[in-house]
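Overview (structure and organization)
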Amino acid sequence: MSGRWSLVRRALSLVAALALWQALTSYDINVWLRFEQFPTVTEVARAYADRITGDTYWQDLTDSLTRIVTGFTLAAVLGVTVGTAVARSRLAADLLGPVLEVLRPVPAIALVPVAILLFPSNEQGIVFITCTAAFFPVMVSTRHAVRALTPVWEEAVLTMGGGRWRILWSVVLPGALPGILGGLSVGIGVSWICVISAEMISGEYGVGYRTWQDYTVVDYPGVFVGMATIGLLGWLTSTAVELLGRRLTRWLPRTENRPAAPVRRRPAPAAAAVLPARAAQEQEQERVRS
C-alpha cells in the first residue's frame, strides 16, 4: 500500500509542475522571471508529437544513446580498474595518483579542443569526452570504497590459503561494490551533461545537436522537446544503473523507506526464572513447617 501511495504522490508532483508551467506561460507572467516567451505545455506536446513521427528524431536518439553507452561502459571498466589499482598498490598510487589529481579538476567539456586535435572524427571525440566525464567519479568512488574495507576479511582469506586474485574477487570487489555503484550513478548523470554539451559544440547528429539547432532558428518548442528528451533518457539510464546495482547487491540488507519495528519490552530472563523458583521455595518451606 505504501508503494502505491508513493507512486501516486510522484505522479501528482509531476502533474502539479506541468500545471504550474501551463499557468505561468498561458497568462504571460512577467514578474522578475519572464515567462511571456516560454512555450506552453500544449505547444511543446504538439511539437513533440510532430517530432516522433519523423526519422530524424529517432536517429538523433540512437546516436546519443550509442555515444553514452559506449563512453560510459569504457569509463566503468577503466574507473574500477584504476581505482582498485591505486587503492591496493603503492606503486600505482605513486605513478598514477599525481597525474589523476591534476586532471580531475579539469571539466570534461573543456577537453573538446583536445578531442578535436586527437581524434580523426567527431564521433570518437564525443565518446572520449563522455568517457572522461564518467571516469573520475567511478575511479574516486572505487578508490575510497576499496580503502575503507576492513583488513580482517583479507586476513581471513590469507589464513585459509587464498592468494591475491582470490582476495580481489572474493573480498575487494564484493566489499567495495556499494561504493562502486554510487560512483556509477554519479557518472551516468555527468556523462549525459557532457555528451549533450559535446554534441552542441562539435556534433553532427544527436539530441544535443538538434536542441542547439532549434535554438539557433528560434524554435523554442523544439528546444523544450530536446530538453524533455534529454531528461527522459537520463532518467531511464540512471534507473537502469540503479536496478542493476540492486540486483548485484541483493545480499545487502534493505532499510530504505522501511518503518522501524516497534520495540517490545520483555521481562529479563533472569527475573522470569527467579519468580517461579521463589514460589517453589516458599511452597517447600510451608510444607516443612506443616
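Residues numbered from 1 in each chain as written. Predicted model: local features only at pLDDT ≥ 70, side-chain atom pairs only at ≥ 80, totals over all residues. Heavy atoms only, no water.

Attention now moves to the overall build of the chain. Secondary structure assignment for the chain yields eleven helices and two strands. Listing every helix and strand of the chain by position from the N terminus yields α-β-β-α-α-α-α-α-α-α-α-α-α. Per-residue burial over the chain gives 31% buried out of 290 residues. In the structure as shown, the chain presents an accessible area of about 19,300 Å², 65% of it carried by carbon and sulfur atoms. (Helix = DSSP H or I, 4+ residues; strand = E, 2+ residues; numbered from the N terminus. Buried < 20%, exposed > 50% of the residue type's maximum accessible area, 1.4 Å probe, protein only. Areas by Shrake-Rupley, 256 points an atom, 1.4 Å probe, with all protein chains shown as cover.)

If you walk through the whole model with that rule in mind, you get eight aromatic pairs. Look at Phe35 and Phe38: their rings are 5.7 Å apart centre to centre, the planes differ by 70°, and that puts the pair in the edge-to-face class. With a relative accessible area of 36%, Phe38 lands in the partly exposed category. (Phe/Tyr/Trp six-rings, centres within 6.5 Å; stacked < 30°, edge-to-face > 60°.)

A few words on the nonpolar core. In terms of nonpolar packing, the biggest core is built from 49 residues, with Leu100, Ile129, Phe135, Met139, Leu184 and Trp192 touching the most fellow members. Contributions of two or more residues to this core are made by helix 2 (41-52), helix 3 (55-88), helix 4 (90-103), helix 5 (112-118), helix 6 (122-147), helix 8 (164-202) and helix 10 (220-248). Per-element accounting of this core gives the leading share, 14 residues, to helix 8. Contacts of Trp192, omitting those with residues within four sequence positions, involve Ser64, Leu65, Ile68, Leu233, Gly234 and Thr237. (Core = buried A, V, L, I, M, F, W, Y, C linked by side-chain atoms within 4.5 Å. Contact = heavy atoms within 4.5 Å.)

What follows covers the confidence of the model for the chain. Confidence in the prediction of the chain, expressed as mean pLDDT, is 83, and 86% of residues score 70 or more. Per-element mean pLDDT across the chain ranges from 50 in helix 11 (residues 269-289) up to 92 in helix 3. Ignoring residues within four places in sequence, the model shows residues 268-275, a span with pLDDT below 50, making zero contacts including any to other chains. (pLDDT = per-residue confidence, 0-100.)

With respect to the secondary-structure elements, Ile129 resides in helix 6. Residues in contact with Ile129, not counting those within four places in the same chain, are Ala108, Leu111, Val112, Ala115, Cys194 and Ala198.

Along the chain, the position of Ile29 falls in the loop between helix 1 (2-26) and strand 1 (30-31). With residues up to four places along the chain from it excluded, the contact list for Ile29 reads Ala23, Leu24, Arg34, Phe35 and Glu36.

Turning to its location among the elements, Thr211 is positioned in helix 9 (residues 207-216). Setting aside anything within four residues of it in sequence, one finds Thr211 in contact with Met200, Val223, Gly226 and Ile230.

So, on to a nonpolar patch on the surface. Together, Tyr27, Ile29, Val31, Trp32 and Leu33 line one region of the surface with nonpolar side chains, adding up to about 670 Å² of accessible area. Its location among the elements puts Trp32 in the loop between strand 1 and strand 2 (33-34). The exposed category is assigned to Trp32, whose relative accessible area is 80%. (Patch = residues over 30% accessible without salt bridge, like charges linked within 9 Å, V, L, I, M, F, W, Y side chains within 5 Å. Salt bridge = Lys/Arg side-chain N within 4 Å of Asp/Glu carboxyl O.)

The terminal C-alpha atoms of helix 8, which comprises 39 residues, lie only 45 Å apart, well short of the 57 Å expected from a rise of 1.5 Å per residue. Along helix 8, the largest kink reaches about 55° and is centred on Leu177; proline Pro178 follows within four residues of it. (Expected span 1.5 Å × (residues − 1). Bend = angle between axes of the 7 residues up to and from the residue.)

Relative to each other, helix 2 and helix 10 sit at 75°, their axes nearing to 9 Å. Between helix 2 and helix 10, the crossing angle belongs to the class labelled roughly perpendicular. Judged by residue contacts, Glu43, Val44, Ala47, Tyr48 and Arg51 of helix 2 engage Pro221, Gly222, Phe224, Val225 and Thr229 from helix 10. Residue composition of the contact of helix 2 with helix 10, by class: six nonpolar, two polar and two charged. (Axes fitted to C-alpha atoms, helices over the stretch in contact; angles between N-to-C directions. Parallel < 35°, antiparallel > 145°, perpendicular 65-115°, else oblique. Nonpolar A, V, L, I, M, F, W, Y, C, P; charged D, E, K, R; others polar.)

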